[in-house]
Amino acid sequence: MKLEAKEDFPPATENDARSGNSVAAIRKSILDHIHFSQARLPVMATCNDWYVALAYTVRDRMFGHWMNVVQAIADPQRKIVGYLSAEFLMGPHLGNALINLGIHDNTRAAVAQLGLNLDDLLAQEEEPGLGNGGLGRLAACYMDSLATLGVPALGYGIRYEFGIFSQEIRDGRQVEKTDKWLRLGNPWEIHRPELSCTVNFGGRTEWFHDERGRLRIRWIPNRVIKGVPYDTPIPAFRKDFIGILRLWKSEAVESFDFQAFNVGDYYKAVDEKVVSETVSKVLYPNDEPEIGKTLRLAQQYFFVSCALQDMIRVHLIRGKALDTFHESFAVQLNDTHPAIAVAELMRLLVDEHDMDWCEAWTITRNVFSYTNHTLLSEALEKWPLPFFGHLLPRHLEIIYEINHRFLEEVRRHAPGDDGLASRLSIIDEGGQKSIRMAHLASVAGHRINGVAELHTKLLSRTVLRDFHAIYPDRFVNVTNGVTPRRWMVLSNPKLAGLLESAIGDRWICRFEEEIEKIAPLADDPAFRNHWREVKRGNKADLAGLIHERTGNTVDPDTLFDVQVKRIHEYKRQHLNVLHIVTLYNRIRRNPNLDITPRTFIFGGKAAPGYAMAKLIIKLINDVGAVVNRDPDVAGRLKVVFFPNFNVKNGQMIYPAAELSEQISTAGKEASGTGNMKFSMNGALTIGTLDGANVEIREAVGPENFFLFGLTVDQVNDLWGRGYNPRRYYEENAQLREAVDLLYSGHFSPDHQARFVPLLDTLLNHDPYMLLADYQAYIDCQDQIAAAYRDQEHWTRISILNVARMGRFSSDRSIREYCKDIWRIRQGV
């Protein structure tokens, strides 16, 4: 196979309709695509037609850059990053591409000449909901930074036909609606059927002798499906380079059974097609029922098998022998979801490519590295042995062999310590035998990284402490980061414009070095005034959107107190609600009380099967309904739940926020990335010493961060001494008043006992220590209320928060991965 060379393509010219960036060229390209791609007359074109034509216009301008990536991938001296992630929450592509290609302003002008509004076309784009939250959004930021830093990269995942559900709020409750993000097509992707792979499931294995008389193992599956790739270009910021997101769709190897059709069994004729396509049908089904678990494991194996087959194909096309595969690819396991790749690469090398086991294992260990994203034991994946073996019988045998050899190594390291071997074993022998996927990733990964300094430290001390004891050099920290291109330039153009006028635009791709130049301007009264004008404008924009989406009218001159993230007990949205109820009780006691007016804004999705999280959503909305209509509260408190929180909505919310709620129980949040987006946009943080909050506080200065709550050591000590949440309730009159009001049914008159399960959990168990942290949280919020009244000082702190966020760019994170984990050079 011949890989295209850059010189095969003519150079772009400024006015070329397919590649030029002038207003005239962009306008001509849009009209060409209306005619040749959409088959429409301009007068008949719909908003979606114009959006698709514009998307194709922008995509055209990335294809010249694509050839640079092809060259880098073809170069046998360049190492490629294979980023394996079950989630890629990319967000809408159009706006980001316009920013990164440097054609936003010319495109707006070209669209205006056609009598259209660019904002309407941006709003038309369906968001690809290919992730549940932070993990998928992190992967998206990393793809942006890999491209911008000129690192050849292939992001591998699943092209879910239906993404994460769209959330509606009805009667204060979450209602899940199907996310049909592909219903109008996807102009950003390129279908690559010629690169399809086959993937096996089920069946059995058997021993056989090959033509040289060697004893080998053959996998005889009972089901084979096809993986078909779709490529999406991820443009670098103003460089002729892109990253490639390669998502796999499952299809039947043979879509139609003529034998069944000929005998009149029409349903059976297409049954294989229906069953095969199920694998990539929906993002993360509810994995509580057995069928859900089967589908989830099938999804994980499907995409990593396709990815590894694809990487081996690329490596061989480079003309290199397979024993140098680790020189071509650095493969990152983004959490445990792709950990089955360890066994799959061994299978491909040993079974399919006839490699010696020891040589294959050396390659495997040099290829893989593992990012851990959680300290929650329930989130560390385990698969029951019979269940796993039924779906992947050959992989179970390979994992047994890996484990056997690994435990021999452990016993040599610590002879006689059977307890250590048992704790380290990939196979959990306690109770129902199962495969520990985090252990599989840790055994194979030459590097294991946490995603914040505290998280990596706790990882080494808790869930992976035994691995750290025998492989201390494998553990490194890479604190998460987010891209300022999307989360500042695109989402906050008012702030980006102010920054550019003050320090130029180098900060956009040199965030670490350049953004700190605004720090001295915190003492400039004129600059502070401009800063407040930007924030006020963003708040007014969000207020309009809130009214449109919820019917609530909010005052942009109140403090915007925001908590948007996945709804989960450990993230403690209900602690925030207890604060609201506390303020409400103060006003009820004294209607003339002078308090700092606040608008509380919540957003986030609860997993469909997570009853307590869904009850928290109902709690927020029921408390809001009562507070918002109480005439004594009017103008002082407003509670809003913003529905369907996603990337597109986040781009409106983060720039308008003034207070960022990062209030998880210390030791529970691995890192967080929302905390970074808030701070980059000038919000001040109230938070615990959890995840990356620790580093954010260190960066912005303790005096510019509102800290409360128990530390990790205090949490552990309190549990060790016997935590009694009811004692906090009984000894704190303010807390007792808030909890009792919730118990009374004041906020749920139609169903007095609605919140009893939640409240009983707090009083009797309180696994996330809300009651222990309650008073410190209330005291800290009172400090915030007082601080907000001094707008000059508040603005100064806001500016310093942004100025000191340089280390939280995803560009810095990727540089660290390149240096400390992948051993890969940057640059186009």
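Not measured: the values here are computed from a predicted model.

### Quick look at the sheet that holds strand E13 (residues 382-384)
Link 1 in the chain: If you walk across this open sheet you meet the three strands as E13-E15-E14, and the pairing is antiparallel. This sheet does not close on itself; its edge strands, each paired only once, are E13 and strand E14 (427-428).
Link 2 in the chain: This element, helix H17 (residues 437-444), spans E13 and strand E15 (434-436) of the sheet and lies at about 45° to E15.

### A closer look at the domain arrangement of the chain
Link 1 in the chain: Domain parsing of the chain yields domain 1 (23-164 + 179-479 + 815-821) and domain 2 (484-712 + 769-806).
Link 2 in the chain: With centres defined by C-alpha atoms, the gap from domain 1 to domain 2 works out at 33 Å.
Link 3 in the chain: If you look at the interface, domain 1 gives 36 residues, while domain 2 gives 30 residues.
Link 4 in the chain: For the pairing of domain 1 and domain 2, the buried interface totals around 2,600 Å² over both sides, and the portion due to carbon and sulfur atoms is 59%.
Link 5 in the chain: Where domain 1 touches domain 2, the interface holds three salt bridges.
Link 6 in the chain: The closest approach of N and O atoms between Arg 815 and Glu 512, which form a salt bridge, is 2.4 Å.
Link 7 in the chain: Only helix H3 (94-101), helix H5 (118-124), helix H6 (134-148) and helix H18 (453-461) provide two or more residues apiece to the side of domain 1 that touches domain 2.
Link 8 in the chain: Per-element accounting of the side of domain 1 that touches domain 2 gives the leading share, seven residues, to H6.

### Comments concerning a nonpolar patch on the surface
Link 1 in the chain: On the surface, Leu 41, Val 43 and Met 44 cluster together into a nonpolar patch covering about 360 Å² of accessible area.
Link 2 in the chain: Classification of Met 44 as exposed rests on a relative accessible area of 53%.

### Quick look at the packing of helix H12 (residues 341-352) against helix H13 (residues 357-367)
Link 1 in the chain: Look at H12 against H13: their axes get within 9 Å of each other, and the N-to-C directions meet at 140°. Comparing their axes, H13 and H12 come out oblique. For the pair H12 and H13, the sense of crossing is right-handed. On the side of H12, the interface is formed by Val 342, Leu 345, Met 346, Leu 349 and Val 350, while H13 contributes Trp 357, Ala 360, Trp 361, Ile 363, Thr 364 and Val 367.
Link 2 in the chain: Partitioned by chemical class, the residues of the contact of H12 with H13 number ten nonpolar, one polar and no charged.

### Quick notes on the pattern of salt bridges
Link 1 in the chain: All chains considered together, the criterion is met by 62 salt bridges.
Link 2 in the chain: Linking Arg 528 and Glu 792 is a salt bridge whose minimum nitrogen-to-oxygen distance equals 2.7 Å. Here Glu 792 lies in helix H34 (residues 791-803) and Arg 528 lies in helix H23 (residues 525-550), a separation of 264 residues in the sequence.
Link 3 in the chain: We classify Arg 528 as buried; its relative accessible area is 12%.
Link 4 in the chain: Relative accessible area serves as the criterion here: at 36%, Glu 792 is assigned to the partly exposed category.

### Some points on the sheet that holds strand E19 (residues 598-603)
Link 1 in the chain: The sheet built from six strands is open, its strands ordered E20-E19-E18-E21-E22-E23 with parallel pairing. Each edge of the sheet is formed by a strand with only one pairing partner; in this case those strands are strand E20 (637-642) and strand E23 (706-707).
Link 2 in the chain: With six bridges connecting them, strand E18 (residues 559-564) and E19 associate as parallel partners. Residue pairing in the sheet places Asp 561 in a bridge with Phe 600 of E19.
Link 3 in the chain: Sitting on the sheet, H23 touches E18, E19 and E20, and the angle it makes with E20 is about 70°.

Rules used in this analysis
Per chain, residues are indexed from 1 in the order of the written sequence. In keeping with the predicted nature of the model, local features appear solely for residues at pLDDT of at least 70, side-chain atom pairs appear and are counted solely at 80 or more, and the whole-chain, interface and lining totals rest on all residues. The side-chain numbers reported here are obtained from all heavy atoms of the structure, hydrogens and water having been left aside. The criterion for strand pairing is that DSSP finds at least two bridges linking the strands in question. Secondary structure follows DSSP: runs of H or I at least 4 residues long count as helices, runs of E at least 2 residues long count as strands, and numbering of each begins at the N terminus. Whether two residues are in contact is decided by their heavy atoms: any pair within 4.5 Å suffices. Axis definition: a line fitted to C-alpha atoms, over the contacting stretch in the case of helices. Angles run 0 to 180 degrees between N-to-C directions. Domain ranges listed in this record stem from an automatic or a database domain assignment. Once two parts are brought into contact, the accessible area they lose, counted with a 1.4 Å probe and summed over both, makes up the buried area. Only one rule defines a salt bridge in this text: a Lys or Arg side-chain nitrogen within 4 Å of an Asp or Glu carboxyl oxygen. Patches here are clusters of residues that have more than 30% relative accessible area and form no salt bridge, with a 9 Å joining cutoff for like charges and a 5 Å cutoff for nonpolar side chains (Val, Leu, Ile, Met, Phe, Trp, Tyr). To be clear on the numbers: accessible area is Shrake-Rupley with a 1.4 Å probe, and residue cover counts the displayed protein chains and nothing else. Partly exposed residues are those whose accessible area sits between 20% and 50% of the maximum for their type, while under 20% is buried and over 50% is exposed, using a 1.4 Å probe and protein chains only. Throughout this description, any angle smaller than 35 degrees is read as roughly parallel, any larger than 145 degrees as roughly antiparallel, any in the 65 to 115 degree range as roughly perpendicular, and the remainder as oblique. Crossings are sorted by hand: turned counterclockwise from the far helix by less than a right angle, the near helix makes the crossing left-handed, and turned clockwise it makes it right-handed. Residues were grouped as follows: Ala, Val, Leu, Ile, Met, Phe, Trp, Tyr, Cys and Pro as nonpolar; Asp, Glu, Lys and Arg as charged; and all remaining residues, including Gly, as polar.

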